[in-house]
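# Descriptive structure summary
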Amino acid sequence: MDDVLRKPRLERPDIVRLLGAQGDELQALLDYALATKLKHLDNNVHLRGLVEYSNKCRKSCMYCGLRKQNSKVVRYTVSDEEVLQCARTALELGYGSMAIQSGERTDCEFVDGVERVLRAIKRLSDGKLGITLSCGEQTEEVYRRWFDAGAHRYLLRIESSTRELYYSIHPDTPEHSFERRLECIDTLLGIGYQTGTGVMVGLPGQTLEHLADDLLFFRSKDVAMVGLGPFIPHPDTPLWALRDQIPSKEERIKLTLKMIATLRIMMPEINMVSATANQTLDAFGREKAVMAGANVIMPNLTPQRYREEYLIYPDKACVGDRPEECFHCLDMRMKVVNHNILYNEWGDSVAFIKRQQGKG
Ligand code: SAH
Ligand code: SF4
C-alpha cells in the first residue's frame, strides 16, 4: 500500500486498489491524502456563500428532485434585490466568494438575469467577492457573457465520465447528450474559467472501475476544481425505484471519502468542494471530507423562503439554518479538526494560478 501511495503517478490499477482500501489500508490512504493537502495547501478552507438562484429546470435527469416532470416543486427565481442582500451578508460574514447555482435554463430572462446579478454583485462588493457559477449547459456565447460580467469559476459535473453509465441516469435525448456535456466542459476551460467538474458516488450500477475512470478524466482535463458527493435517492425521481441497488449510506460516504483522498494525491493543488450531500448523510460528513482532502465548503445563503423548494435530494442538511448560525457552526467545526477558514479571500485554485503563471 505504501508503495502505491508514493508512486509519482497513479495509474488505473493503483486507483482501483486505493478505492477498494479497507481497515488499516484505508486509514493509510486518508492519512497520506491529508498530509499531501497540508503540504501543498496548508490547513486552509475557503468558503463560497451559496445562492440557489432558480429551481426551474428544462431537464429530466433521473436522479434530481428539480427535474421538470416533478410537479410537486413550486418553482421560483430569486429577485435581484434578494441576491444583493445575500451578497451583503457574504461581505458582512467575510465570505470571500459566492456561488450561484440553479436548475438548467436557457431562456433570455434567466441568461440576462444572471448577467445582471453578476454585474450588480461586482459593483456592490467593489470586486471583493469572487463568484462561482453552476448553471448547467449553455452556449459558448452565454458562458462568455457571464465570464465578462464577472464570474471566474464554473462548476459543471460530468456526473459520470462513462458514457454508458451516464445514459443510465439521463434520458437518451438531445438535451441530455453526453457529448454536449463534454463539449461544455472544454468550452469553459477554453474561455479561461477556473473550471470544475465532478461526479455522484454510489450510483446504481457504478463500479470502482467507473470511479477510477472518473478520477482519470479529471486529471486528463487538468481541471482546477472538483466537487464529489454521494448519490442520495429522491422519492419523486425515476432512480428512486433502484434505491435497493446502491451501497448503504455508510458505504457511499466511505467511497466518497476514498475518492476525495485518492484525487487529492493525484491532483494535490486543485480546489475540492465538500458537497452538502456529505453532511446530509453523515452529521460529520463535512469534517470527514475536509480531513480526506477537501478544502472548500459552501454555506447556504439562499433566502429562507425558497430553501424547501431547492431539494435536489431529500432531507438536505442545514436547510433551516440562518447564515450567522452557519458562520459560527462552521468556524467552530473547522477549528475542531485543526483547519482554518480564510475569510475575505477569493480562495482561487492554486493549480489554476500556477498554470496561468506558467503561461505568462
Ligand atoms: N443544474 C445544474 C446545477 C444544479 S444541480 C447542473 O445540473 O449542473 C447540482 C448537482 O447536484 C448536480 O451536478 C448533481 O451532481 C447533484 N445532484 C442532483 N441530484 C442529486 C441526488 N439525488 N443526489 C446527490 N447529488 C445530486
Ligand atoms: Fe436540472 Fe441540474 Fe437537476 Fe439535472 S441535475 S434536473 S439539470 S437541476
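Around ligand 1, 19 residues are found, and the nearest of them are Tyr63, Arg157, Glu159, Ile232 and Ile312. Measuring from a nitrogen atom of ligand 1, one finds a backbone N or O atom of Tyr63 at 2.9 Å. One of the side-chain N or O atoms of Arg157 is found 2.7 Å from an oxygen atom in ligand 1. Protein chains shield 92% of the accessible area of ligand 1, which is 540 Å² for the free molecule. Considering only residue class, the shell around ligand 1 consists of 10 nonpolar, five polar and four charged.

What follows is about the packing of helix H9 (residues 208–221) against helix H10 (residues 249–266). Here H9 crosses H10 at 35°, and the two axes come no closer than 11 Å. The two elements H9 and H10 meet at a crossing, and its hand is right-handed. Of H10, the residues touching H9 (which contributes Leu208, Leu211, Asp214, Leu215, Leu216, Phe218 and Arg219) are Leu255, Met259, Thr262, Leu263 and Met266. Split by residue class, the contact of H9 with H10 holds nine nonpolar, one polar and two charged.

Summed over the entire model, instances satisfying the criterion amount to 12 aromatic pairs. Ring plane angle 75° and centroid distance 6.5 Å describe the contact between Tyr143 and Tyr193, whose orientation is recorded as edge-to-face. One end of the pair, Tyr143, is in helix H6 (residues 140–148); the other, Tyr193, is in the loop between helix H8 (178–191) and strand S5 (194–197), and 50 residues separate them in sequence. With respect to burial, Tyr143 and Tyr193 carry one shared label: buried. Among the aromatic side chains, those forming a connected cluster through ring pairs are Tyr143, Phe147, Tyr154 and Tyr193.

Looking now at the site of ligand 2. The full set of residues close to ligand 2 is Cys57, Lys59, Cys61, Tyr63, Cys64, Arg67, Gly103 and Glu104. A breakdown of the residues in the shell around ligand 2 according to their chemical character gives four nonpolar, one polar and three charged.

Before going further, it helps to spend a moment on the state of the cysteines. Applying the stated rule across the entire model yields zero disulfides. The thiol sulfur of Cys135 is not disulfide-bonded, and the nearest other cysteine sulfur, from Cys57, lies at 11 Å. Taking the relative accessible area as the measure of exposure, Cys135 reaches 0% and is therefore buried.

Attention now moves to the environment of Ala33. Within the secondary structure, Ala33 sits in helix H3 (residues 23–41). Ala33 gets classed as buried once you look at its relative accessible area, which sits at 0%. Setting aside chain neighbours within four positions, we find Ala33 in contact with Ala261, Arg264, Ile265 and Ala292.

Before going further, it helps to spend a moment on the side chain of His46. Summarising the element assignment, His46 is placed in strand S1 (residues 44–54). Apart from residues lying up to four places away in sequence, His46 is in contact with Asn271, Asn295, Val296, Ile297, Leu342 and Gly347.

What follows concerns the pairing of S1. Counting buried positions along S1 gives 11 out of 11 residues, so the element sits mostly inside the fold. With two bridges connecting them, S1 and strand S10 (residues 340–341) associate as parallel partners. Counterpart to Val45 in the pairing with S10 is Ile341. With two bridges connecting them, S1 and strand S9 (residues 296–297) associate as parallel partners. Considered in S9, the bridge of His46 is made with Val296. Bridging between S1 and strand S2 (residues 97–102) involves six bridges; their strand directions are parallel.

Take the nonpolar core next. Ranked by size, the top nonpolar core spans 108 residues in total, and within it Leu118, Ile121, Leu133, Trp146, Tyr154, Phe218 and Leu263 carry the most contacts. The element that contributes the greatest number of residues to this core is H10, accounting for nine residues. Those residues in contact with Leu118, other than ones at most four positions away along the chain, are Ile100, Ile131, Leu133, Trp146, Ala149 and Ala151.

By the definition in use, this model includes 33 salt bridges. Among the salt bridges present, the one from Glu82 reaches Arg305, with a minimum N-O distance of 2.7 Å. Of the two residues, Glu82 sits in helix H4 (residues 80–93) while Arg305 sits in helix H13 (residues 304–307), which places them 223 residues apart along the sequence. Assessed through its relative accessible area of 62%, Arg305 is described here as exposed. Taking the shortest distance from any N to any O, the salt bridge between Glu137 and Arg180 comes out at 3.9 Å.

What counts, and at which threshold
Residues numbered from 1 in each chain as written. Chains lettered and ligands numbered in written order. Predicted model: local features only at pLDDT ≥ 70, side-chain atom pairs only at ≥ 80, totals over all residues. Heavy atoms only, no water. Near = heavy atom within 4 Å. Polar contact = N/O pair within 3.5 Å; in protein donor to acceptor, adjacent residues only side chain to side chain. Areas by Shrake-Rupley, 256 points an atom, 1.4 Å probe, with all protein chains shown as cover. Nonpolar A, V, L, I, M, F, W, Y, C, P; charged D, E, K, R; others polar. Axes fitted to C-alpha atoms, helices over the stretch in contact; angles between N-to-C directions. Helix = DSSP H or I, 4+ residues; strand = E, 2+ residues; numbered from the N terminus. Left-handed = near helix turned anticlockwise from the far one by under 90°. Contact = heavy atoms within 4.5 Å. Phe/Tyr/Trp six-rings, centres within 6.5 Å; stacked < 30°, edge-to-face > 60°. Buried < 20%, exposed > 50% of the residue type's maximum accessible area, 1.4 Å probe, protein only. Disulfide = S-S within 2.5 Å. Pairing = 2+ DSSP bridges. Core = buried A, V, L, I, M, F, W, Y, C linked by side-chain atoms within 4.5 Å. Salt bridge = Lys/Arg side-chain N within 4 Å of Asp/Glu carboxyl O.

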